[in-house]
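Chains, contacts and geometry: an overview
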Amino acid sequence: MNNLLDAFHLTALPAAAEDFRAEVKHFLDGHLPPAPADVRARSWMGFDADFSRRLAARGWIGLTLPASYGGAGMDAFRRFVLVEELLAAGAPVAAHWIADRQSGPLILRYGTGAQKDFYLPRICAASAFFCIGMSEPDSGSDLASVRTRAVRCDGGWRLTGRKIWTTNAQHCQYMIALVRSSGVPEDRQKGLSQFIVDLSLPGVEVRPIVDLTGDAHFSEVTFDNVFLADDALIGDEGAGWQQVTAELAFERSGPERLYSSVVLLDCWRAQLRRHGASDADLALLGSFATQLATLRCLSIAVTARLAHGESPVVEAALVKDIGTEFEQAIPAQLEAAISADPAQTIDPELFRTVAYLSQISPTFSLRGGTREVLRGMIARGLGLR
Ligand SMILES: Cc1cc2nc3c(=O)[nH]c(=O)nc-3n(C[C@H](O)[C@H](O)[C@H](O)COP(=O)(O)OP(=O)(O)OC[C@H]3O[C@@H](n4cnc5c(N)ncnc54)[C@H](O)[C@@H]3O)c2cc1C
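In this text, all values refer to a predicted model and were calculated from it rather than measured experimentally. (Residues numbered from 1 in each chain as written. Predicted model: local features only at pLDDT ≥ 70, side-chain atom pairs only at ≥ 80, totals over all residues. Heavy atoms only, no water.)

1. Some points on the layout of surface pockets
This is how it is decided: Definitions used throughout: a 1 Å grid over protein atoms alone; a cavity as a set of points that fits a 1.4 Å probe which cannot get out; a pocket as an open set with protein on both sides within 12 Å along at least five of seven lines; a lining residue as one with an atom within 4 Å of a point. Grid points are joined across faces, edges and corners, and a volume is the space filled by probe spheres set on the points. Helix numbering and strand numbering both begin at the N terminus, where a helix is a DSSP run of H or I of at least 4 residues and a strand a DSSP run of E of at least 2. By the convention adopted, Pro, Cys, Tyr, Trp, Phe, Met, Ile, Leu, Val and Ala count as nonpolar, Lys, Arg, Asp and Glu as charged, and the other residues, Gly among them, as polar.
In this structure, the largest pocket occupies an estimated 1,200 Å³ of space. Ser 135, Leu 366, Arg 367, Gly 368 and Gly 369 are, among the 46 residues lining the largest pocket, the residues nearest its centre. Among the secondary structure elements, those contributing two or more residues to the lining of the largest pocket are helix 5 (94-110), strand 3 (156-167), helix 7 (240-252), helix 11 (348-360) and helix 12 (371-381). Ranked by residue count, the leading element in the lining of the largest pocket is helix 7, at six residues. When grouped by side-chain class, the residues that make up the lining of the largest pocket number 21 nonpolar, 15 polar and ten charged.

Laid out in structure tokens, this is it:
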């Protein structure tokens, strides 16, 4: 079946990136384990370390990292194409997702030579998976109020506190944690630092949390006086806030903020082809296609800024806000469309995929920063606050 966007040519990616697309499709034809749509709909929540290792063996984890660290040394546009194709196919990419998207670039930018030599080749080989330790039980949106604390000790630091909603902490070797390393919570952005925490250290406890769909993809992580050696600090002590802000630009703008329901959209198109489409179905499909085409342009524009080494934090927030609204509208409107005519034939796979995405989609506008918080940032970017 053709891609839904084949009819639109609003934004041109560099030719080298488009040429790369054929290679990615060919790889996926040969290596993607077959799975029904409701499993593929998990896309970047689907954990499959074997698949990540196959991608690594092909040289496609750490695509933008330098070859000297095991990366492919490619540009951000080729990474955009790779991510777009992985998500469109519903590939289970969660294992390496965070390391590839943000931990690797963060280590490359702020890490010492020894940290780069140690972590980056492991990320590229899919032997080191990372998770994001930002949220805490009393600090989600208000990240500057984190209370997990690292206290200086002989030869390093002692870490005490708790992180929550940490995606895949139970499967990862490392967390990059934002913690307070000096001062008091009232100091807000001052006195925060980032540490690379080896999750196998004594004093670390990881407790998976089951969500509404029955999956356990995130965890609560407790640190009880965990000893961190000096080289666990990443970047400058006290510069954690600036570093985390730059990291969020990588986290918020990519195709994953538009494509979380794309497997469902394709599944529904296949159903329309098999069983016929009403005028209302066609109008809805057209509306989804135009929204997706426009959003994709925005996401590519942010990719271009990242490719120039900029940190387009407000623009990334905008893409995430509008993108996640679109991702949520797909299951909501398809549920309404398929229940509008109780006499129509519905494939069970489509039912299961709508059911899964209807349950999980409220999280799309929570993970990575909530809608309200992003809109506050956008208002500030527009000079309205
Ligand atoms: C699927 C999923 C995966 C996640 N993965 C991770 C992860 O890997 N690592 C990690 O660190 N975190 C992760 N999170 C946590 C996520 O980033 C937080 O849930 C989010 O930042 C919101 O924080 P909170 O849950 O504490 O809600 P709160 O901050 O308590 O917010 C509750 C409500 O109040 C609103 N609100 C809060 N402050 C304001 C304000 N100033 N103005 C207007 N409205 C406001 C919010 O928009 C929200 O609707 C994940 C969350 C989900 C759902």
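2. A closer look at the UniProt feature "domain: Acyl-CoA dehydrogenase/oxidase N-terminal" (unreviewed entry) in the chain
Just so we agree on the cut-off: UniProt positions are given in the numbering used here, feature names are shortened, and annotations may be inferred rather than shown by experiment.
Under the local residue numbering, the UniProt record ascribes the feature "domain: Acyl-CoA dehydrogenase/oxidase N-terminal" (unreviewed entry) to residues 17-125. Helix makes up 65% of residues 17-125 and strand 0%, and the two end C-alpha atoms of the span are 23 Å apart.

3. A short note on the state of the cysteines
So the rule is basically this: When two cysteine sulfur atoms lie within 2.5 Å, the pair is treated as a disulfide. For the exposure calls, accessible area comes from a 1.4 Å probe over protein chains only, and a residue counts as buried if that area is under 20% of its type's maximum, exposed if over 50%, partly exposed in between.
For the structure on display, the rule yields zero disulfides. Summary of cysteine pairing: Cys 131 is not part of a disulfide, and the nearest cysteine sulfur, belonging to Cys 172, is at 4.5 Å. Among the residues examined, Cys 131 registers a relative accessible area of 1% and is labelled buried.

4. Observations concerning the packing of aromatic side chains
Under the convention used in this document: Note on aromatic contacts: the rings of Phe and Tyr and the six-membered ring of Trp form a pair at centre separations within 6.5 Å, being stacked when their planes are under 30 degrees apart, edge-to-face when over 60 apart, and tilted otherwise. Should the NZ of a Lys or the CZ of an Arg lie within 6 Å of a ring centre and within 35 degrees of the ring normal, that charge is described as sitting over the ring.
Tallying each qualifying case throughout the model produces 13 aromatic pairs. Consider the rings of Trp 165 and Phe 218, whose centres lie 5.3 Å apart with planes at 50 degrees: the pair is tilted. In this pair, Trp 165 sits in strand 3 while Phe 218 sits in strand 7 (residues 218-229), placing the two residues 53 residues apart along the sequence. Residue classification places Phe 218 among the buried residues on the basis of a relative accessible area of 16%. Taken together through their ring pairs, the aromatic side chains of Phe 20, Phe 27, Phe 51 and Trp 60 make up a single cluster. A cation sits over an aromatic face here: Arg 122 above Phe 118, 3.8 Å from the ring centre.

5. Brief notes about the UniProt feature "domain: Acyl-CoA oxidase/dehydrogenase middle" (unreviewed entry) in the chain
The sites that carry the UniProt feature "domain: Acyl-CoA oxidase/dehydrogenase middle" (unreviewed entry) are, in the present numbering, residues 131-226. Taken end to end, residues 131-226 has its terminal C-alpha atoms 17 Å apart, with 0% of it in helix and 51% in strand.

6. Let's talk about the site of the ligand
This is how the line gets drawn: Residue proximity to a molecule or strand is established when one non-hydrogen atom of the residue lies within 4 Å of it. Between N or O atoms, a polar contact is any pair within 3.5 Å; within protein, one atom must be a potential hydrogen donor and the other a potential acceptor, and residues adjacent in sequence are included only when both atoms are from side chains. Note on areas: Shrake-Rupley with a 1.4 Å probe; residue coverage comes only from the protein chains shown. To decide whether a molecule occupies a pocket or cavity, check its atoms: if more than half lie within 2 Å of the grid points, it is inside. The domain limits used here are those given by an automatic or database domain assignment.
Near the ligand, the surroundings consist of 16 residues, among which Ser 135, Ser 141, Trp 165, Thr 370 and Glu 372 are the closest. One of the backbone N or O atoms of Ser 135 is found 2.6 Å from an oxygen atom in the ligand. Thr 167 places a side-chain nitrogen or oxygen 2.8 Å from a nitrogen atom of the ligand. Notes on the ligand: free accessible area 980 Å², of which the protein chains cover 64%. Of all the cavities here, the one that holds the ligand is the largest pocket. The element contributing the most residues to the shell around the ligand is strand 3, with three residues. For the shell around the ligand, a count of residues per class yields five nonpolar, nine polar and two charged. Residue assignment places the shell around the ligand across two domains, with domain 2 (132-238) and domain 3 (243-381) each supplying three or more.

7. A word on helix 5
This is how it is decided: One less than the residue count of a helix, multiplied by 1.5 Å, gives the span that helix is expected to have. Note that the bend at a residue is defined as the angle between axes fitted to the seven residues ending at it and the seven residues starting at it.
For helix 5, built from 17 residues, the straight-helix expectation of 24 Å at 1.5 Å per residue is met to within 8% by its first-to-last C-alpha distance of 24 Å. Taking the largest bend as the criterion, helix 5 deviates by roughly 40 degrees, centred on Ser 103, and proline Pro 105 comes between one and four positions later. Most of helix 5 sits out of view: 14 of its 17 residues are buried.

8. Side note on the side chain of Glu 84
In plain terms, the rule: Throughout, a residue-residue contact means that at least one pair of heavy atoms, one from each residue, lies within 4.5 Å.
Turning to its location among the elements, Glu 84 is positioned in helix 4 (residues 76-89). Judged by relative accessible area, Glu 84 falls into the buried class, the value being 4%. Of note is the side chain of Glu 84, whose polar atom sits 2.7 Å from the side chain of Tyr 259. With sequence-adjacent residues up to four places away left out, Glu 84 is seen in contact with Arg 21, Pro 255, Tyr 259 and Arg 296.

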